[in-house]
Amino acid sequence: MMEPQPLYVAPGGHKTRVLQAGIGPTVVVLHGWGGRIESMTPVIQCLAPAFHVVALDLPGFGESDVPEGAWGTPDYAAYVRDVLREIGVDRAHFVGHSFGAKTSLYLAATHDEVVERLVAVGAS
């Protein structure tokens, strides 16, 4: 499998690293608190043969900018929604680990039009 190249987007002026791999229905993969895209590599590699996988460094982690002020789960969920809009993803499946699962759950509860299905692993 060819190594996917990262893309950088900046909704609201916050630079965010996004990795896309594979072809098929879209699955968004979100890492846990203190993580980064690379911490989800086994999941991305498992899904990429059958899905279009989108993984991002949440704000303040990996190569993404640190947000100004204190952000809560609603802020991270809205930001994920904004990143997806910027890259042209209207609806997707989600796989979230820990804080990524919490963010996905919040997004599903507040913007169910974005979340098709959700797998929450070790949700905080």
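Details of the structure are given in the entry above.
One structure accompanies this document, and this report is about it. (Residues numbered from 1 in each chain as written. Predicted model: local features only at pLDDT ≥ 70, side-chain atom pairs only at ≥ 80, totals over all residues. Heavy atoms only, no water.)

Extensive coverage of strand S5 (residues 92-97) is indicated by the burial of five of its six residues. With four bridges connecting them, strand S3 (residues 26-30) and S5 associate as parallel partners. Opposite Val-28, over in S5, you have Phe-94 as the bridge partner. Relative to strand S6 (residues 115-121), S5 runs parallel, the two being bridged by five bridges. Each residue of the ladder has a partner; that of Phe-94, found in S6, is Leu-118. The β-α-β motif built from S5, the intervening helix H3 (residues 99-110) and the parallel element S6 has right-handed crossover chirality. (Buried < 20%, exposed > 50% of the residue type's maximum accessible area, 1.4 Å probe, protein only. Helix = DSSP H or I, 4+ residues; strand = E, 2+ residues; numbered from the N terminus. Pairing = 2+ DSSP bridges. Right-handed = clockwise from strand over helix to strand, strands pointing away.)

The strands making up a sheet associate through backbone hydrogen bonding, with each pair oriented either parallel or antiparallel. On the basis of which strands lie adjacent, the open sheet formed by six strands has the order S1-S2-S4-S3-S5-S6 and mixed pairing. Each edge of the open sheet carries a strand with a single partner, namely strand S1 (6-9) and S6. Strand-to-strand, the axes of this sheet are offset by a mean angle of 25°, without reference to chain direction. Bridge count between S3 and strand S4 (residues 52-56): five bridges; the pairing is parallel. Following the sheet pairing, Val-29 is matched in S4 by Ala-55. Strand contacts of H3: S3, S5 and S6, with the helix running at about 150° to S6, the strand carrying the most contacts. (Axes fitted to C-alpha atoms, helices over the stretch in contact; angles between N-to-C directions. Contact = heavy atoms within 4.5 Å.)

On their own, these measurements won't tell you what the molecule is for.
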